[in-house]
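# Fold and geometry: a report
Residue-level listing of the chains:
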Amino acid sequence: EELLSVIPIHQWWMGMTLSNSSDSVRQFLLLPNNPHINQIRVFENHSTSPLMELGDFFPFYHRPFIDRDLVIPISLPPNSSISYLFLLDKVGETLHIEPELLGIQDFHQRKSNDSLVIGWILGWMSIIFIFALFFAFELKSWSGAIYAAYVLSISCLLYTSDAADE
C-alpha cells in the first residue's frame with residue numbers, strides 16, 4: 001500500500017490502469033479513504049472532460065455512491081483496459097490518502113463490520129453514560145454530570161460521523 005500525506009500547494013494527479021480479461025463486466029469501488037477531499041475529478045482514457053466530479057465542495061446527495069467516504073464506482077467492460085486519472089484538490093490542507101480498490105461485496109462486508117464495531121462502542125458508551133448520571137445524582141456532584149454530558153456528546157459525534165449513513 002502506498003501512503004501519501006502532504007500539505008499541497010497545487011492539485012495532485014493520481015493515475016491507474018485497470019484491466020478486465022474476463023468475459024463479464026466487473027464492478028469496483030475506489031476509496032481514497034479520506035472523506036474530506038475538496039474536489040475529485042475523474043477522467044477516463046485520456047478524456048479532456050471529467051467523467052464525474054465529487055468531493056466536500058459538492059452537496060452530499062450529489063455523490064455517485066452515498067457513503068461517508070468519497071466512493072468512486074468503476075465499471076470495467078469485458079476484455080478491456082481503461083486508464084483513469086484523478087485530479088485531487090485539497091490545496092492548503094493536509095492531503096492524506098490510502099487508495100483502495102474493492103469489489104462491491106467486499107465494500108459492503110467492510111461497512112457491515114464497521115457498523116458492528118461502532119454499535120458495540122456506542123453500547124458501551126451508553127452504559128458509561130448511565131453510570132455517570134447515576135453517580136452524578138447519588139453524589140450530587142457536577143463533575144459526574146459534566147462527564148455524562150461529555151460521553152453523550154462523543155457518542156453523538158461517533159453516531160453522526162460514521163453510523164448514520166448506514
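In what follows, the structure referred to is the one given above.
Residues numbered from 1 in each chain as written. Predicted model: local features only at pLDDT ≥ 70, side-chain atom pairs only at ≥ 80, totals over all residues. Heavy atoms only, no water.

## Thoughts on the pairing of strand 3 (residues 26–31)
On any regular strand, side chains alternate: one points to one face of the sheet, the next to the other face. Going by this rule: The criterion for strand pairing is that DSSP finds at least two bridges linking the strands in question. Helix numbers and strand numbers start at the N terminus; a helix is a DSSP run of H or I with at least 4 residues, a strand a run of E with at least 2.
Pairing geometry for strand 3 and strand 6 (residues 72–76), over 5 bridges, is antiparallel. Looking across to strand 6, one finds that Gln27 is bridged to Ser75. Where strand 3 meets strand 9 (residues 100–103), 4 bridges bridge the pair, whose relative direction is antiparallel. Along strand 9, the bridge assignment pairs Leu31 with Glu100.

## Remarks on empty space enclosed by the protein
Operational definition: A 1.4 Å probe that fits into a set of points on a 1 Å grid over the protein atoms alone but cannot get out defines a cavity; an open set with protein on both sides within 12 Å along at least five of seven lines defines a pocket, and lining residues are those with an atom within 4 Å of a point. Grid points are joined across faces, edges and corners, and a volume is the space filled by probe spheres set on the points.
For the coordinates displayed, the defined rule picks out 2 cavities of 30 Å³ or more. The space that makes up the second largest cavity amounts to roughly 30 Å³. Every residue along the wall of the second largest cavity is listed here: Met14, Leu30, Pro32, Ile40, Ile72, Phe86 and Leu88.

## A look at the pattern of salt bridges
Note the cut-off: Here a salt bridge means any side-chain nitrogen of Lys or Arg lying within 4 Å of a carboxyl oxygen belonging to Asp or Glu. Throughout, exposure labels follow a simple rule: accessible area from a 1.4 Å probe, protein chains only, divided by the maximum for the residue type, with under 20% read as buried, over 50% as exposed, and the rest as partly exposed.
One pass over the structure, following the stated rule, counts 4 salt bridges. The salt bridge involving Asp56 is made with Arg63; its shortest N-O contact spans 4.0 Å. Note that Arg110 is salt-bridged to Glu100, the shortest N-O span being 2.7 Å. Of this pair, Arg110 sits in helix 1 (residues 104–139) while Glu100 sits in strand 9; the two residues are 10 residues apart in sequence, bridging distant segments of the chain. With relative accessibility at 18%, the residue Glu100 sits in the buried group.

Remember, this is a structural readout, not a statement about activity or role.
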